[in-house]
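Letter by letter, the chains look like this.
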Amino acid sequence: MSNVGIGVVGLGRLGKRHAHNLVYATPGASVIAACSIVEDDLAYARHALGIETTYTDYAELLANPAVDAVFLVTPTSVHAEQIIQALEAGKHVFCEKPLAINVADCQRVIDVAKKFPNQISTIGFVRRFDPSYVAARKQIDKGMIGQPIMVRSQTVDMDNSAEFQIPFTATSGGFAHDIVVHDIDLARWYLGAEMSTAYTTGGCYRHKGFEQHNDIDNASALCAFDNGTSAYFFVSRIAQHGHDTRTEIVGTEGTLKIGQTPIANLVEICDKHGVRRECVQDFFERFEDAFRLEAIDFVAAIREGRAPRCGLEDAIAATRGAIAITDSWRSKKLVEL
Ligand SMILES: NC(=O)c1ccc[n+]([C@@H]2O[C@H](COP(=O)([O-])OP(=O)(O)OC[C@H]3O[C@@H](n4cnc5c(N)ncnc54)[C@H](O)[C@@H]3O)[C@@H](O)[C@H]2O)c1
């Protein structure tokens, strides 16, 4: 089968990384075109990645018949509309998480996608491709920890990312849609259930700039799931030591722990301060392999005509959870889904 022609849309912080993977590390993919509203991004695509055809107008990229699939790495606020336009133009779609900020937009996408069953639509819940998270899922499938009954999962960004994150919050939907959504997706995947209630506490403890977007820099959420299990999520944007994403799954027969210390390499530094490890600094360093593997899987799914690992129903469920967690923080009340 011929290569899948890809149009990359959005070449900011993450889009440049995805585009690099698609050009250099994704068998069966040919990056045909790139699109961004920022001319510097397009110059990067041309000069650093050799993508000769570039657009500032998304509709023009969609009109290019050599583009079989779009890879959307644009702000969350435009995901739903851009997915719908791509599906209606006959393209397969990979879109970064989250699918949308509200349930109505998620549902609109799902309704349109049903009209195009031969086109793949998937949302980038990248942790489902991380080798360690995948290995944990295999242990659960083998019954190694019995029935999973509790997921404790945290995503903790470094303090120095706040400068980017504060203006980014204007389009991201805030801490739960942008960050906790990954942990929600993992909890659903491991517990095999849907979130039924959420109770959240948190605040703006260090970066008051988040307040102007009605957002916060730290939160904890305790959530019940509809099969009687539970999850505890912690999110923080103020870590000094590294990007500290970790997950623990407690089962009736054992516990799985993933990434408990965010080590960058296998070196232990032993000196007058004691014994120390260097840490990964950001989400991309932690999930570099997973980002590459999810692009490979998207292209393989198109070529093999199979369903993607993560469907739109997973994505709407994660958005529902993010909304409940946000609403609980704002109302200071338990929220039922
Ligand atoms: N999976 C993850 O761990 C992860 C990590 C970071 C970001 N993301 C997601 O990726 C998406 C992008 O995040 P980012 O940090 O790269 O943002 P960014 O602001 O750095 O980049 C956004 C890009 O989209 C372009 N753009 C904006 N509107 C556009 C439009 N209408 N048409 C075409 N291009 C447009 C901008 O010019 C820019 O190139 C977000 O949805 C975010 O949630 C996911």
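Residues numbered from 1 in each chain as written. Predicted model: local features only at pLDDT ≥ 70, side-chain atom pairs only at ≥ 80, totals over all residues. Heavy atoms only, no water.

It is worth spelling out the site of the ligand at this point. Taken together, 28 residues lie around the ligand, and Arg 13, Leu 14, Ser 36, Asp 41 and Lys 97 are the ones closest in. Between an oxygen atom of the ligand and a main-chain N or O atom of Gly 12, the distance comes to 3.2 Å. Summarising the interface, the protein chains cover 87% of the accessible area of the ligand, which totals 850 Å² for the free molecule. Under a 2 Å grid-point criterion requiring more than half of the atoms, the pocket assigned to the ligand is the largest pocket. Put simply, the parts of the chain that give the shell around the ligand at least two residues each are α4 (79-88), α7 (162-172) and α8 (175-191). Considering only residue class, the shell around the ligand consists of 13 nonpolar, 10 polar and five charged. In this structure, the shell around the ligand is formed jointly by two domains, domain 1 (4-126) and domain 2 (128-289 + 318-336), each of which donates at least three residues. (Near = heavy atom within 4 Å. Polar contact = N/O pair within 3.5 Å; in protein donor to acceptor, adjacent residues only side chain to side chain. Areas by Shrake-Rupley, 256 points an atom, 1.4 Å probe, with all protein chains shown as cover. 1 Å grid on protein atoms, 1.4 Å probe; cavity = no way out; pocket = protein on both sides within 12 Å on 5 of 7 lines; lining within 4 Å. Sits in = over half its atoms within 2 Å of the grid points. Helix = DSSP H or I, 4+ residues; strand = E, 2+ residues; numbered from the N terminus. Nonpolar A, V, L, I, M, F, W, Y, C, P; charged D, E, K, R; others polar. Domains from an automatic or database assignment.)

The full count for this structure, using the stated rule, is zero disulfides. Looking at Cys 270, it has no disulfide partner, and the nearest cysteine sulfur is the one in Cys 279, 15 Å off. Residue classification places Cys 270 among the exposed positions, given a relative accessible area of 57%. (Disulfide = S-S within 2.5 Å. Buried < 20%, exposed > 50% of the residue type's maximum accessible area, 1.4 Å probe, protein only.)

Attention shifts here to empty space enclosed by the protein. Counted under the stated rule, the structure contains one cavity of 30 Å³ or more. Roughly 60 Å³ of internal volume is contained in the largest cavity. Forming the walls of the largest cavity are Phe 94, Thr 122, Ile 123, Gly 124, Phe 129, Glu 294, Asp 297, Phe 298, Pro 308, Arg 309 and Cys 310. Going through the elements one at a time, β6 (121-124) and α10 (288-304) are the ones with two or more residues in the lining of the largest cavity. Counted by class, the lining of the largest cavity contains six nonpolar, two polar and three charged residues. (Points joined across faces, edges and corners; volume = space filled by probe spheres on them.)

Moving on: the layout of surface pockets. The probe, sized like a water molecule, is rolled over the atoms to show the empty space still left. One number sums up the size of the largest pocket: a volume of about 770 Å³. Surrounding the largest pocket, 36 residues form its lining, Arg 13, Leu 14, Val 73, Thr 74 and Phe 168 being those nearest its centre. Elements represented by at least two residues in the lining of the largest pocket include exactly α4, β7 (148-158), α7 and α8. When the residues that make up the lining of the largest pocket are grouped by side-chain class, the tally is 17 nonpolar, 12 polar and seven charged. Taken together, domain 1 (4-126) and domain 2 (128-289 + 318-336) each give at least three residues to the lining of the largest pocket, which thus spans both.

In this section: the packing of helix α5 (residues 103-114) against helix α11 (residues 312-331). Close contact between α5 and α11 brings their axes to 10 Å; oriented N to C, the two are set at 175 degrees. By the angle between their directions, the pair α5 and α11 is classed as roughly antiparallel. On α11, the residues that touch Val 103, Cys 106, Gln 107, Val 109, Ile 110 and Ala 113 of α5 are Leu 312, Glu 313, Ile 316, Thr 319, Arg 320 and Ile 323. The residue inventory of the contact of α5 with α11, partitioned by class, reads eight nonpolar, two polar and two charged. (Axes fitted to C-alpha atoms, helices over the stretch in contact; angles between N-to-C directions. Parallel < 35°, antiparallel > 145°, perpendicular 65-115°, else oblique. Contact = heavy atoms within 4.5 Å.)

Judged by pairing direction, the sheet is parallel, and its six strands sit side by side in the order β3-β2-β1-β4-β5-β6 without closing on themselves. The two strands at the open ends of the sheet, each matched to only one other strand, are β3 (53-55) and β6. Averaged over neighbouring strand pairs, the angle between their axes works out to 25 degrees when direction is ignored. Summarising the sheet, strand β1 (residues 4-9) and strand β4 (residues 69-72) pair through four bridges and their orientation is parallel. Of the residues in β4, the one forming a bridge with Val 9 is Leu 72. Running over the sheet, α10 touches β1, β2 (29-35), β4, β5 (92-96) and β6 and is turned about 160 degrees from β5. (Pairing = 2+ DSSP bridges.)

What follows covers the domain arrangement of the chain. If you check the domain split of the chain, you get domain 1 (4-126) and domain 2 (128-289 + 318-336). Relative to domain 2, the C-alpha centre of domain 1 lies at a distance of 26 Å. Across the boundary between the two partners, domain 1 contributes 18 residues, which contact 20 residues of domain 2. Carbon and sulfur atoms make up 63% of the surface buried where domain 1 meets domain 2, a total of about 1700 Å² over both sides. When the buried area of domain 1 at its contact with domain 2 is split by residue, Arg 13, Phe 125 and Val 126 rank highest and sum to 42% of it. The salt bridge partner of Asp 178 is Lys 97, with a shortest N-O separation of 3.1 Å. (Buried area = accessible area lost by both parts, 1.4 Å probe. Salt bridge = Lys/Arg side-chain N within 4 Å of Asp/Glu carboxyl O.)

This part takes up the pattern of salt bridges. Within this structure, the stated rule accounts for 22 salt bridges. Close ionic contact of Asp 159 with Arg 206 constitutes a salt bridge, the shortest N to O distance being 2.6 Å. Here Asp 159 is found in the loop between β7 and α7, whereas its partner Arg 206 is found in the loop between β8 (195-203) and β9 (218-225), with 47 residues between them in sequence. Overall, the relative accessible area of 45% leaves Arg 206 in the partly exposed class. Of the charged contacts in the structure, one is a salt bridge between Glu 304 and Arg 306, with a shortest N-O distance of 2.7 Å. Members of the salt-bridge network, linked through shared partners, are Arg 128, Asp 185, Arg 188, Glu 194 and Asp 314.

One can find Ser 196 in strand β8. Residues Ser 196 and Ser 230, 34 residues apart in the sequence, show an inter-C-alpha distance of 9.4 Å. With sequence-adjacent residues up to four places away left out, Ser 196 is seen in contact with Ala 224, Phe 225, Asp 226, Val 335, Glu 336 and Leu 337.

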